[in-house]
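Below are the chains, spelled out letter by letter.
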Amino acid sequence: MKFSSLYYHNLTSYKRRGISPHFLDWENQPRIFKRYDGVDTIDLPRKVAVGDLTLFQILKERPGDLSNTQQTLDILSSILLLTCTITAQAMHSGTPFYFRNVASAGALYPFELYLLAEGVHGLASGLYHYAIDGPALHPLRQGISVSQTHSLNFFLSTIFFRSSWKYRDRAYRYCLLDTGHLLENLVLSLRGHGFSPQVTYDFDDSLINSFLGFDPDREVCLSVCCTDNKPDLCPALPSQEKWGTLPQRAMEASVVSVREVKYDAIATMHEASSVLKPGPYQGIKMDELLGVSEESLVEIPQVPAWPDELPYPQVVFSRRSRRNFVPRTMSQHHFDSILDGLCSDSLLTGYPWLTSIGLLVTNTEGYGSGFYLLDRRSRKLALVKEGNFQGEMARICLDQAWLANAALHVLFISNLKVLDEVMGPRGYRHTMLEAGRAGQLLYLTATSLGLGCCGIGAFYDQEAAHLLGLNDNSKLLYLVALGPVKSVKGH
Ligand SMILES: Cc1cc2nc3c(=O)[nH]c(=O)nc-3n(C[C@H](O)[C@H](O)[C@H](O)COP(=O)(O)O)c2cc1C
């Protein structure tokens, strides 16, 4: 069978009473921090340099253009800390376990971050791995130059086995969603530091993977994010002889446990999606391709400010998944602020036309309970059907009953057949990474507003599509629940 987005998604669907038993091999648990044996570490200062900026300001105010300004190690460190850092610790069977400011399915953290830096004061130009547990940098290639001036190019990768250890063939979904979460933190952090980041998911896989020194059966690049304001979003790498040498055994750093299992569906899907089939896809109206009909449009108001906002660094560092939703009414101001965030430029500069956003609303001031579609480009909300679907969706989400109390379920939906036709299997990366990005923004928005939030990747796929009334080719990709919770620190 030829792998496509639709085929992979169907193949990895959960069916009630159809999930085969799987036991976690704790002896073989993947390492979640990448190790480069024998490689130096450059410790980074733990200072954040964005003052009391709010998330609202980052989303709403035009970011600057610092692409040609020399940066310092302090600024770089601040960018990285706000992107990904350890923010909580728990003890698991006597061993410390570290949580991060980025949400991740099962807290498995399959992603890694690399940086090609040029013109940073105090840092030799070159390729670095960001060691989250430092925070520190591992120098990988030195003296390499792409722009001859100042530039920061970030590469976001995933290590399949970290997630497939638990989720098996379905893990490719989580690798993409989780990396999207990391990417949104990076984009917001760069905007907060005055940059206009550009994101791409389209590049030559084998070139970039070998530049980054990966074992591509284990670790692959999924996204590139640049601060350069140039039409070609991916840095033009110099010819291979100018790459400088990698540390010896760099490829072995992609190994995360002694006995790794290769999941064929993941390998085959990723391979199928290595082909680039560029657009034109800007004209796609995904909402019209899901098989549902919309009525009664409501305009989403521009929100002049979000209520009781915490400063952005506090928001990023205190973000957590909260499941203690209470059936209290969500204010209209909160609801409008959430929608306003989803419609912000920061996300719309990506590939918003590939993924529809649905909303299951209940217990929300000013809006009747129902299933709605959000058209981000025209800032309109369309009612698809009335009713309170939270309880039924909670059952569909593997009986996670607490979801029934969440005032809002944000749904990411795509017609995967159309996606396959337009973009080939590569489109799956686009739509899932974009859903992950929006998911992270929702977490941060909720934290800002004193609401709870939790991403949900586990659901009976066919039942979800049936509840929503989607056609055969349209699928729920990801769900993020938000709403009033028992209590949130700081509010
Ligand atoms: C893609 C994705 C899927 C998730 N799915 C679920 C889920 O089905 N149920 C759940 O309770 N939490 C889910 N979570 C939340 C994670 O369990 C949580 O992010 C992780 O345990 C780390 O905790 P933290 O978010 O509090 O830092 C998901 C998170 C992500 C990013």
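This text goes with the structure placed above it.
Numbering of residues starts from 1 in each chain and follows the order in which that chain's sequence is written. This being a predicted model, a pLDDT of at least 70 is required before a residue's local features are given, and a value of 80 or more before pairs of side-chain atoms are given or counted; all residues contribute to the totals for chains, interfaces and linings. The side-chain values count all of the structure's non-hydrogen atoms but skip hydrogen atoms and water molecules.

Asker: Help me understand the site of the ligand, please; the structure alone is not making it clear to me.
Answerer: Near the ligand, the surroundings consist of 24 residues, among which Arg319, Arg320, Ser321, Arg323 and Gln400 are the closest. The contact in question runs from a nitrogen atom of the ligand to an N or O atom on the backbone of Gly457, over 3.0 Å. Each accessible area value is a Shrake-Rupley result obtained with a 1.4 Å probe; residue values ignore everything except the protein chains displayed when judging cover. Protein chains bury 89% of the 620 Å² of accessible surface belonging to the ligand in isolation. Counting only elements with at least two residues in the shell around the ligand, the list comes to strand S4 (95–100), helix H5 (171–192) and strand S17 (452–456). Residues that form the shell around the ligand fall into these classes: twelve nonpolar, seven polar and five charged. Where a domain begins and ends is set by an automatic assignment or by a domain database. Two domains share the shell around the ligand, each providing at least three of its residues, namely domain 1 (5–272) and domain 2 (286–483). We call a residue near a molecule or strand as soon as one heavy atom of that residue lies within 4 Å of the molecule or strand. Pairs of N or O atoms are called polar contacts if they sit within 3.5 Å, as long as, within protein, a hydrogen donor faces a hydrogen acceptor (for residues adjacent in sequence, only side-chain-to-side-chain pairs). Under the DSSP-based scheme used, a helix requires at least four consecutive residues in state H or I and a strand at least two consecutive residues in state E, with every element numbered from the N terminus. When residues are sorted by character, Ala, Val, Leu, Ile, Met, Phe, Trp, Tyr, Cys and Pro go into the nonpolar class, Asp, Glu, Lys and Arg into the charged class, and all the rest, Gly among them, into the polar class.

Asker: Help me understand the sheet that holds strand S7 (residues 126–131), please; the structure alone is not making it clear to me.
Answerer: Sheet strands associate in pairs through backbone hydrogen bonding, adopting either a parallel or an antiparallel arrangement. In this analysis, strands are considered paired if DSSP registers two or more bridges between them. In space, the seven strands of this open sheet follow the order S1-S8-S7-S5-S9-S11-S10, with antiparallel pairing throughout. The two strands at the open ends of the sheet, each matched to only one other strand, are strand S1 (42–43) and strand S10 (198–200). Relative to strand S8 (residues 136–142), S1 is paired through two bridges, and the arrangement is antiparallel. By the bridge assignment, Asp43 is partnered in S8 with Ala136. Residue contacts are counted whenever heavy atoms from the two residues lie within 4.5 Å of one another. The convention used is that axes are lines fitted to C-alpha atoms, helices contributing only their stretch in contact, and that angles between N-to-C directions extend from 0 to 180 degrees. Its contacts with the sheet put helix H3 (residues 73–83) on strand S5 (111–118), S7, S8 and strand S9 (151–159), and the angle it makes with S9 is roughly 30°.

Asker: Got a minute to help me understand the packing of H5 against helix H13 (residues 426–449) in this structure?
Answerer: The angle between the axes and the distance between the axes are what describe a pair of packed helices. Relative to each other, H5 and H13 sit at 55°, their axes nearing to 6 Å. By the angle class used here, H5 and H13 are oblique. In the crossing of H5 with H13, the sense of the turn from one axis to the other is right-handed. Note on element contacts: H13 touches H5 through Tyr428, Arg429, Met432, Leu433, Ala435, Gly436, Arg437, Gly439, Gln440, Leu441, Tyr443 and Leu444, opposite Tyr172, Arg173, Leu176, Leu177, Thr179, Gly180, His181, Leu183, Glu184, Asn185, Val187 and Leu188. Among the residues making up the contact of H5 with H13, the classes are represented as 13 nonpolar, seven polar and four charged. Any angle that is under 35 degrees is reported as roughly parallel, and any over 145 degrees as roughly antiparallel; angles of 65 to 115 degrees are reported as roughly perpendicular and all others as oblique. Two helices crossing with the near one rotated counterclockwise from the far one by less than a right angle form a left-handed crossing, whereas a clockwise rotation gives a right-handed crossing.

Asker: Would you mind showing me how to read the sheet that holds strand S15 (residues 380–386) here?
Answerer: With antiparallel pairing, the seven strands of this open sheet are ordered in space as S12-S15-S14-S13-S16-S18-S17. Strand pairing shows two members of the sheet lacking a second neighbour, strand S12 (295–299) and S17, which therefore form its edges. Sheet twist, expressed as the mean angle between neighbouring strand axes with direction ignored, is 25°. As defined by bridge partners, strand S13 (residues 356–361) adjoins strand S14 (residues 370–375) across five bridges and the pair is classed as antiparallel. Residue pairing in the sheet places Leu360 in a bridge with Phe371 of S14. Together, S13, S14, S15, strand S16 (408–415) and strand S18 (474–483) form the strand contacts of helix H9 (residues 332–342), whose direction differs from that of S13 by roughly 170°. Relative to the sheet, H13 contacts S16, S17 and S18, its axis offset from that of S18 by approximately 10°.

Asker: Any chance you could explain the pairing of strand S11 (residues 219–226) here in plain terms?
Answerer: Looking along a regular strand, one sees side chains alternate from face to face of the sheet. Throughout this description, buried means an accessible area under 20% of the type-specific maximum (1.4 Å probe, protein chains only), exposed means over 50%, and partly exposed covers the range between. Taken across its eight residues, S11 has eight buried, putting it largely inside the fold. Two elements, S9 and S11, share seven bridges in a ladder whose sense is antiparallel. If you follow Thr158 over to S11, its bridge partner there is Val220. Where S10 and S11 come together, three bridges link them in antiparallel fashion. Across the sheet, residue Val199 finds its bridge partner in S11, namely Cys225.

Asker: How should I be thinking about helix H14 (residues 461–468) in this particular structure?
Answerer: Helical periodicity: at 3.6 residues per turn, an α-helix aligns residues three or four positions apart in one direction. All buried positions along H14 are accounted for by Asp461, Ala464, Ala465, Leu467 and Leu468. Axial view of H14: buried residues confined to an arc of 160°, hence all on one face. Set apart from the buried face of H14 by more than 90 degrees, the exposed residues are Gln462 and His466. Looking one or two residues beyond H14, the residue adopting positive phi is Gly469, at roughly 75°. Our arc is simply the arc of the directions from the helix axis toward the C-beta atoms.

Asker: Just to check I follow, could you spell out the side chain of Glu309 for this structure?
Answerer: Structurally, Glu309 can be placed in the loop between S12 and helix H8 (312–318). Although Glu309 lies buried, it forms no salt bridge, and the closest oppositely charged side chain, Lys60, sits 10 Å away as judged by the N-O distance. Among the polar contacts made by the side chain of Glu309, one reaches the side chain of Thr54 at a distance of 3.5 Å. Residue contacts for Glu309: discarding those within four places in its chain leaves Thr54, Leu55, Phe56 and Ser448. Charge counting follows a simple rule: Lys and Arg are positive, Asp and Glu are negative, and His as well as the terminal groups are ignored. Every case where a carboxyl oxygen of Asp or Glu lies within 4 Å of a side-chain nitrogen of Lys or Arg is listed as a salt bridge.

Asker: Any chance you could explain the packing of aromatic side chains here in plain terms?
Answerer: Aromatic rings in a pair are described by how distant their centres are and how their planes are angled relative to each other. Each Phe, Tyr or Trp ring, with Trp reduced to its six-membered ring, pairs with another whose centre is within 6.5 Å; inter-plane angles below 30 degrees give stacked pairs, above 60 give edge-to-face pairs, and intermediate values give tilted ones. Tallied over the entire structure, the rule returns 17 aromatic pairs. The interplanar angle of 55° and the centroid separation of 6.4 Å between the aromatic rings of Phe33 and Tyr98 together place this pair among those described as tilted. Placement of the pair is Phe33 in the loop between helix H1 (5–11) and S1 and Tyr98 in strand S4, with a sequence separation of 65 residues. Residue classification places Phe33 among the buried positions, given a relative accessible area of 18%. Through a chain of ring-to-ring contacts, three or more aromatic side chains come together here, namely Tyr8, Phe160, Tyr172 and Tyr428. We call a charge positioned over a ring when the NZ of a Lys or the CZ of an Arg lies within 6 Å of the ring centre and within 35 degrees of the ring normal. The ring of Tyr14 carries the charged tip of Arg170 above its face, separated from the ring centre by 3.8 Å. One cation-aromatic arrangement involves Arg170 over Phe459; the distance from NZ or CZ to the ring centre is 5.4 Å.

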